[in-house]
Amino acid sequence: MYDMLAALINGTLGWGWPEWALNLLSYILVVTIVLVVAPLQMLFFTYYERRVIARMQDRVGPNRVGPEGIWQPIADGVKMFTKEDIVPQAADRIVHFLAPCVVVAPTVLMFAVVPWGPGMVPVDLPTGLLFFFAISSISAVGLMMAGWASNNKFSLLGAMRAVAQMVSYEIPAVLSLIAIVIVVGSLSINDIIAYQTGLIVSNRDLPGIPDLGLGWFVFTPVGFVAFIAFFIAALAEGERTPFDIPEADSEIVAGYMTEYSGMKFGLFYLAQYVLNFLLCAITAIIFFGGWQGPGVGWLYAQGITPENPNGNGLFNVLAGVLGVFYFLLKTYLFFFVMVWLRGALPRLRIDQLMDFGWKFLIPLTLANLFSAALWVAFTRWGPAEGMLITVGWSPVLRWLAAFVVTLAINLGVYLWLTRVYAASQAERRRAELEELIAAGS
Amino acid sequence: MLQTQELQVNIGPQHPSTHGVFRMLVTVDGETVIDLKPVFGYLHRNHEQIAEANSYLQNMPYTDRLDYFNSMANNHAYAMAVERLAGIEVPERAEYIRVLMVELTRILNHASAVGFMINDMGAWQTPLAFGMREREKILDLFEMASGARLMCNYFRFGGVVRDLPPEFIPNLRELLRALPAYIDELERLLRDNEILLQRAIGIGILPPEVALSYGVSGPVLRGSGIPYDVRKAEPYSVYDRFDFDVPVGKVGDVYDRFLVRIEEMRQSKRIIEQVLEQLPDAKGGHINPKARQNVRPPVGDAYARIESPKGELGFYLVSDGSTRPYRYKVRAPSFINLTPLADMCRGYKVADIVVILGSIDIVMGEVDR
């Protein structure tokens with residue numbers, strides 16, 4: 001953002017601002033964009049979810065406020081603002097007040113590293129991915145604060161569930177992303193997107209592939225397993241069905257949100273939908289190329305001439321618009337999948353959730369980590385690193401070998417794990433049944 | 001210093017999934033249920049006492065409000081009790097119409113019970129919408145016959161209030177054509193869903209001897225493997241003329257109760273088809289013309305029981321020779337099926353409580369009366 005402003009103000013307009021003023025302006029702009037975009041996404045998501053679920057249930061959904069009910073989320077927001085804010089008498093008032101803030105702040109901060117289009121990232125951190133997940137886990141503290149401060153047993157149960165679930169599912173989520181980080185060799189989100197150029201095969205792995213912006217990680221065995229594992233973990237992180245255990249409405253009313261009303265409840269709601277948006281966005285970015293798509297790279301390249309290395313403004317804007325379109329399309333598609341699951345599936349129980357995370361997802365992602373290392377070894381290492389097998393192989397052959405080996409490992413581990421996991425589930429069930437029958441007779 | 005403490009949680013009386021105003025005082029150790037105490041009475045409306053101040057016919061619409069899902073079945077049991085007390089004959093055709101209505105009630109009750117149960121497991125209302133879909137068509141049929149969808153008040157002493165309208169039978173046949181596919185779909189909803197299977201199999205086991213000692217009846221008892229059905233054990237009305245099976249479960253868990261309900265819907269459809277075959281030959285009209293509605297039964301008492309969708313529904317009436325019952329007692333299946341809840345829930349997780357409660361299929365209007 002700073003470079004763009006500097007070029008515009010001091011370059012094109014020639015105003016000659018000092019550096020601190022440019023810095024200040026760029027910070028203010030970034031913060032404004034982040035703070036406006038986050039609630040807008042949340043508003044759209046609530047409407048989108050309600051309409052899609054209504055279609056699944058043979059209903060119409062919100063259709064009264066404005067054309068096709070498009071202003072319904074605004075009306076809901078107004079309702080949230082004007083509602084009475086009730087704090088239980090026995091609650092810890094300070095912590096009760098702070099909890100929603102602690103939950104919302106990290107989710108908004110996470111927007112800082114999300115790239116929307118080519119060159120359209122608020123802050124391009126070299127450790128963007130690390131920042132993203134480090135910040136997201138802070139909200140678990142807020143959930144525990146909410147549950148404890150409300151002095152309500154449902155809240156406490158919900159908070160315990162939420163923290164247990166978020167902490168357990170962060171491990172497979174991060175492990176599956178580390179596989180990608182190994183392949184790319186960078187934690188920067190922009191680098192990860194830049195890697196995914198090409199057509200089915202990334203042209204970083206196999207130079208010479210035409211760049212259509214389709215060299216997504218999901219087309220590789222490593223990326224595919226990581227994607228599945230990450231998306232499942234993201235459902236748990238975002239407390240979406242079938243892992244919406246912390247706020248299971250049919251069991252513990254609303255979990256940690258039970259004692260919240262008015263805008264404090266609204267903040268929890270906001271945090272949740274913003275987090276869902278971000279998880280969908282990061283899935284799209286890491287595994288589906290983010291803003292990469294047919295035409296973006298080409299448009300971007302059109303403006304670049306030897307005398308104009310940063311590109312022509314018009315082509316940059318066109319590429320940006322197309323990139324944002326692709327990015328939002330992918331993100332909304334993943335959110336659609338989340339809504340679809342919510343409309344179709346019941347909820348898992350907390351112990352089944354833990355079982356699945358620790359006994360299935362974590363071993364799978366660990367094996368995938370190994371595959372990722374092999375992928376790098378096959379496609380990039382030479383005799384200097386001790387990779388003597390591939391000496392003299394052509395890039396295509398090396399890529400094929402990497403593909404086949406990682407596919408075999410991942411598929412084998414998956415099949416083995418499903419058998420072991422299913423067997424452990426059946427054994428557990430049988431043990432439970434025997435115990436019960438023994439207790440009954 | 002680490003210290004653990006058991007937690008007492010009040011689930012209800014205002015709770016999203018207690019099926020009305022029902023309260024469970026649950027003692028939990030983390031997520032595991034140690035003890036559970038069902039508390040009810042929040043919906044007590046003095047039903048039995050009010051009934052003793054009304055004339056016999058005035059009570060008929062009151063019985064609708066007991067188990068508001070199955071008003072036809074309630075009507076049937078009450079009408080039978082009064083007919084036994086006053087010695088009123090029921091014509092054959094009326095009996096067939098009664099059986100038809102009660103079996104339709106069974107289908108709609110089981111469909112929505114299954115839908116509600118899956119809702120309690122946390123599905124976001126889509127399975128419930130599935131369960132409610134065919135229920136609407138059955139309610140349309142009820143509306144044609146009785147003029148009301150839920151509180152039908154259709155039965156009278158000696159028959160039913162009016163004959164089936166001419167468009168009823170074609171509509172019913174159309175419904176029967178759609179029904180098998182619908183029931184299969186409902187069954188696939190559970191059998192093909194791994195999460196649902198995990199949540200249902202081995203949960204809330206009710207051993208047969210425990211079920212018997214509590215006097216449980218209906219699908220809950222049959223889910224535990226005891227083939228007891230009042231329609232077979234003590235055939236009333238014209239049930240001895242039909243060919244149908246009594247499905248039973250093996251283990252007595254939530255899954256078995258679900259499967260029993262699904263199978264009962266199929267059996268009800270079989271009964272309805274046989275009713276449609278035999279109805280044209282049935283003698284008599286829709287009501288016994290000699291039956292007085294303002295009955296004044298002789299001194300005595302009578303008990304009539306039927307297999308209502310939720311279990312054995314009985315009405316006990318004592319007459320002192322006046323136009324009002326001296327004593328009016330309802331044996332409500334929901335109430336009696338609810339009593340072993342604590343035994344079924346102990347040792348399971350908090351999330352299982354609501355599923356077990358959903359699998360018992362209670363209606364608080366009947367529990368509290």
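Residues numbered from 1 in each chain as written. Chains lettered and ligands numbered in written order. Predicted model: local features only at pLDDT ≥ 70, side-chain atom pairs only at ≥ 80, totals over all residues. Heavy atoms only, no water.

Draft legend 1. Inspection of the interface of chain B and chain A at higher detail. Taken together, the contacts link 36 residues of chain B with 29 residues of chain A. Note on chain B versus chain A: buried area summed over both sides is about 3000 Å², and carbon and sulfur give 61% of it. It is Trp124(B), Ile195(B) and Gln198(B) in chain B that bury the most area against chain A; as a group they hold 23% of the surface buried on that side. For Asp352(B), the salt bridge identified is with Arg349(A), shortest N-O distance 3.1 Å. At the surface where chain B touches chain A, the tally comes to six residue pairs in polar contact (both at pLDDT 80 or more). When contributions to the side of chain B that touches chain A are tallied by element, the ones reaching two or more residues are strand 1 (7–11), helix 4 (92–120), helix 5 (126–146), helix 7 (194–200) and helix 14 (350–360) of chain B. The element best represented in the side of chain B that touches chain A is strand 1 of chain B, accounting for five residues. Taken together, the residues of the side of chain B that touches chain A break down into 18 nonpolar, twelve polar and six charged. (Contact = heavy atoms within 4.5 Å. Buried area = accessible area lost by both parts, 1.4 Å probe. Salt bridge = Lys/Arg side-chain N within 4 Å of Asp/Glu carboxyl O. Polar contact = N/O pair within 3.5 Å; in protein donor to acceptor, adjacent residues only side chain to side chain. Helix = DSSP H or I, 4+ residues; strand = E, 2+ residues; numbered from the N terminus. Nonpolar A, V, L, I, M, F, W, Y, C, P; charged D, E, K, R; others polar.)

Draft legend 2. Highlighting the sheet that holds strand 7 (residues 311–319) of chain B. Residues and elements named next belong to chain B. Ordered in space as 6-7-8, the three strands form an open sheet in which the pairing is antiparallel. Two strands in the sheet have a free side with no partner beyond their single neighbour: strand 6 (300–308) and strand 8 (325–331). When the angles between neighbouring strand axes are averaged without regard to direction, this sheet yields 10°. Where strand 6 meets strand 7, nine bridges bridge the pair, whose relative direction is antiparallel. Directly across from Ala302, in strand 7, lies its bridge partner Leu317. The sheet contacts of helix 3 (residues 71–86) involve strand 6, strand 7 and strand 8, and relative to strand 6 the element is tilted by about 150°. (Pairing = 2+ DSSP bridges. Axes fitted to C-alpha atoms, helices over the stretch in contact; angles between N-to-C directions.)

Draft legend 3. Up close: the domain arrangement of chain A. Residues and elements named next belong to chain A. As far as domains go, chain A holds domain 1 (1–82) and domain 2 (90–348). Facing 19 residues of domain 1, the contacting portion of domain 2 comprises 24 residues. In total, about 2100 Å² of surface goes out of reach between domain 1 and domain 2, with carbon and sulfur atoms giving 82% of it. Its largest share of buried area at the contact with domain 2, domain 1 owes to Phe45, Glu49 and Met80, together 31% of the area lost on that side. For the pair domain 1 and domain 2, the number of links is two salt bridges. Note that Glu49 is salt-bridged to Arg342, the shortest N-O span being 2.8 Å. At the boundary of domain 1 with domain 2, the tally comes to six residue pairs in polar contact (both at pLDDT 80 or more). Where the side of domain 1 that touches domain 2 is concerned, the elements lending two or more residues are helix 2 (19–56) and helix 3 (72–82). Ranked by residues supplied to the side of domain 1 that touches domain 2, first place goes to helix 2 with 16 residues. Counted by class, the side of domain 1 that touches domain 2 contains 16 nonpolar, two polar and one charged residues. (Domains from an automatic or database assignment.)

Draft legend 4. Up close: the packing of helix 9 (residues 221–237) of chain A against helix 11 (residues 262–288) of chain A. Residue and element names in this part refer to chain A. As a packed pair, helix 9 and helix 11 sit with axes 10 Å apart at the nearest point and diverge in direction by 175°. By the angle between their axes, helix 9 is roughly antiparallel relative to helix 11. Of the residues in helix 11, those in contact with Gly223, Ala226, Phe227, Phe230, Phe231, Ala234 and Glu237 of helix 9 are Leu275, Leu279, Ile282, Thr283, Phe287 and Phe288. Of the residues belonging to the contact of helix 9 with helix 11, the class tally is ten nonpolar, two polar and one charged. (Parallel < 35°, antiparallel > 145°, perpendicular 65-115°, else oblique.)

Draft legend 5. Molecular detail of the side chain of Arg342(A). All names here are of chain A. Position of Arg342 among the secondary structure elements: in helix 13 (residues 313–344). The class of Arg342 is buried, set by a relative accessible area of 17%. Side chain to side chain, Arg342 and Glu49 meet in a polar contact 2.8 Å long. (Buried < 20%, exposed > 50% of the residue type's maximum accessible area, 1.4 Å probe, protein only.)

Draft legend 6. Main features of empty space enclosed by the protein. Residue and element names in this part refer to chain A. For the coordinates displayed, the defined rule picks out three cavities of 30 Å³ or more. Lining the largest cavity are 13 residues, with Val103, Glu239, Tyr256, Gln272 and Leu275 sitting closest to its centre. Secondary-structure elements contributing two or more residues to the lining of the largest cavity are helix 4 (93–110), helix 6 (139–149) and helix 11. Its residues placed into classes, the lining of the largest cavity shows seven nonpolar, four polar and two charged. (1 Å grid on protein atoms, 1.4 Å probe; cavity = no way out; pocket = protein on both sides within 12 Å on 5 of 7 lines; lining within 4 Å. Points joined across faces, edges and corners; volume = space filled by probe spheres on them.)

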